Amino acid sequence: MSKKGDMLYAWTNDAEIQKKAELGGAVTAIWKYALESKAVDAVFAVTKGVDLYDAVPVLIRDPKDLPKTAGSLHCGTLLMAKLVKKYMDGARDMKIGVTVKGCDAMAFYELAKRKQINLDNIVMIGVNCGGSVSPVVARKMIADKYGVDPETVHKEEIDKGQFIIEYEGGHKGISVDELEEAGYGRRSNCRRCKMKIPRQADLACGNWGVIGPKAGKATFVEVCSEKGAALLDGAVKKGVLATEAANPKGLEIRGKVEGAMFKLGDKWRKHDFEALGEGKDRLKKIMTETSRCIKCYQCIEVCPICYCVDCTTKNPTFVPPGELPVNFMFHLIRYSHIADSCVNCGQCEEVCAAEIPNALFMHAQQVELEKMFGHIPGVDMELPLMAYAEEKEERQRLHNTGSDMIYENVFNPVPKK
Ligand SMILES: Cc1cc2nc3c(=O)[nH]c(=O)nc-3n(C[C@H](O)[C@H](O)[C@H](O)COP(=O)(O)OP(=O)(O)OC[C@H]3O[C@@H](n4cnc5c(N)ncnc54)[C@H](O)[C@@H]3O)c2cc1C
Ligand code: SF4
Ligand code: SF4
Ligand code: SF4
């Protein structure tokens, strides 16, 4: 019997799943078991649409349809959680199994805190995530940097720091660092992302740490909850999944890779945030960029933190209707409502028709607020800062300013109790 904290290698014996799976097919095999045993009513996963640049979310009810969801799509920059809220009634009456990247898992928690998703009805299998690449950027990168027609590519993967493509007539890898220096590669929010192994999901699955004869053929699984342990055991008992204890050396390597990814995330944060400038320069930059906004409201539509029926940005008292360039208040409203809980999923930046670096602006604020208040979004059910004020903490914060007003010394980090 497995338990929370176990680290395993897992692989399926199901030939159809094996054929399409990224690694050992553990994710898809466990979903098959979950659907067949009615542990979930449906599985929400991702499948290839017209080509590998086209990641399509699908709700699967028939286990026979599951193999088509196997495999990782690195151009799948979509976010699953808000779709569950919008189109599946927040899983109120349906048990849904969802494959989640780190940002998806974080978004589920943020929506659950705001009572938009019933987390009791959600089972999450997490996949480690080193980053995703926007489809349009990927196509351009393959044409420009690889000299390959993007239409001829039939597989892509990110392995050992390289973005590798297989195409008619060969395969080619270029280091992600080199691509990113040249302005391609992973989305900018992914470069800053530090949610590499989603341990707030029920299981966390990945490639990192699988060494020896099982390399490339097994999935590394970390059991993160009792719910996850029960699913894994059930799948093994049914015979759709085989497991063995992870190689201790592999475990060590996995820890090192995760540590290196954190460092890289920090490097990009420093790089991106410093480029915003300081003081009035930063304000000017943000105001200039956001003045291109056409008020399409798409950033609000996709943000997992935005849950209001009517957004304050539509209130004529705050943002004059029918006026472009948009009043800066539009963006100030978003910053004040979201910055404490932004999970850096990048959706607001990716959908923006005016190509405003929305996620960058929000993330830069979130990181400072996290330092200040110690609140980490998306990892557990701890309430958002403004929804839970504690007298003792408030007193301490005022005390730490060494003053009786909140005018000075505010930007000293509050010591953790
Ligand atoms: C964008 C991305 C980046 C990744 N980077 C790393 C990494 O750096 N290191 C590492 O160890 N592992 C990484 N993984 C995880 C790894 O590729 C495998 O998905 C995982 O190990 C499970 O393997 P499997 O054979 O058991 O999964 P499979 O049985 O093949 O199932 C894969 C599951 O992932 C879902 N999926 C595919 N694309 C997406 C997507 N874009 N968003 C959400 N769900 C998706 C599928 O629908 C399916 O449910 C990444 C995965 C993705 C999607
Ligand atoms: S934000 Fe993080 S978890 Fe999400 S796709 Fe990018 S790297 Fe992966
Ligand atoms: S503000 Fe942007 S990056 Fe942050 S959670 Fe919302 S959509 Fe994601
Ligand atoms: S998505 Fe871009 S253009 Fe549309 S409202 Fe948001 S910031 Fe403005």
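That block above? That's the structure.
Residues numbered from 1 in each chain as written. Chains lettered and ligands numbered in written order. Predicted model: local features only at pLDDT ≥ 70, side-chain atom pairs only at ≥ 80, totals over all residues. Heavy atoms only, no water.

Participant: In this structure, what is going on with the pattern of salt bridges? I would like to understand it.
Facilitator: Any two side chains of opposite charge can pair, so long as their charged atoms come close to each other. Summed over the entire model, instances satisfying the criterion amount to 31 salt bridges. Its salt-bridge partner being Arg114, residue Glu110 comes within 2.8 Å of it at the nearest N-O pair. Note on Glu110: relative accessible area 0%, which makes it buried. We classify Arg114 as buried; its relative accessible area is 11%. (Salt bridge = Lys/Arg side-chain N within 4 Å of Asp/Glu carboxyl O. Buried < 20%, exposed > 50% of the residue type's maximum accessible area, 1.4 Å probe, protein only.)

Participant: Would you mind showing me how to read the sheet that holds strand E7 (residues 162–167) here?
Facilitator: Hydrogen bonds between backbone groups are what pair the strands of a sheet, and the pairing can be parallel or antiparallel. Taken in spatial order, the 3 strands of this open sheet run E6-E7-E8, and their pairing is antiparallel. Lying at the two open borders of the sheet, with one neighbouring strand each, are strand E6 (153–159) and strand E8 (170–175). Taken pair by pair, the neighbouring strands of this sheet meet at an average axis angle of 15 degrees, ignoring direction. Pairing analysis gives 6 bridges linking E6 to E7, with the strands arranged antiparallel. (Pairing = 2+ DSSP bridges. Helix = DSSP H or I, 4+ residues; strand = E, 2+ residues; numbered from the N terminus. Axes fitted to C-alpha atoms, helices over the stretch in contact; angles between N-to-C directions.)

Participant: Can you walk me through the sheet that holds strand E4 (residues 96–100) in this structure?
Facilitator: Sheet architecture is open: 8 strands sit in the order E3-E2-E4-E5-E9-E10-E1-E11, paired in mixed fashion. The open sheet is flanked by strand E3 (55–60) and strand E11 (241–245), the only strands paired with a single partner. Between one strand and the next, the sheet's axes are offset by a mean angle of 30 degrees, whatever the strand orientation. Examined bridge by bridge, strand E1 (residues 7–12) and strand E10 (residues 219–223) share 4 bridges and lie antiparallel to one another. Residue pairing in the sheet places Ala10 in a bridge with Thr219 of E10. Across the face of the sheet, helix H2 (residues 26–36) comes into contact with E1, strand E2 (42–48), E3, E4, strand E5 (122–127), strand E9 (203–206), E10 and E11 while running at roughly 165 degrees to E5. Contacting E4 and E5, helix H4 (residues 102–113) crosses the sheet at an angle of about 135 degrees to E4. (Contact = heavy atoms within 4.5 Å.)

Participant: Is there a simple way to explain the packing of helix H12 (residues 329–338) against helix H14 (residues 358–373) in this structure?
Facilitator: In helix packing, the relevant descriptors are the interaxial angle and the interaxial distance, both defined with respect to the helix axes. Across the interface, H12 lies against H14 with an axial gap of 10 Å and an inter-helix angle of 45 degrees. Judged on the interaxial angle alone, H14 and H12 are oblique. Regarding H12 and H14, the two cross each other, and that crossing is right-handed. Contacts between H12 and H14 pair His331, Arg334, Tyr335 and Ile338 from the former with Asn358, Phe361, Met362 and Gln365 from the latter. Looking at the contact of H12 with H14, its residues break down into 4 nonpolar, 3 polar and 1 charged. (Parallel < 35°, antiparallel > 145°, perpendicular 65-115°, else oblique. Left-handed = near helix turned anticlockwise from the far one by under 90°. Nonpolar A, V, L, I, M, F, W, Y, C, P; charged D, E, K, R; others polar.)

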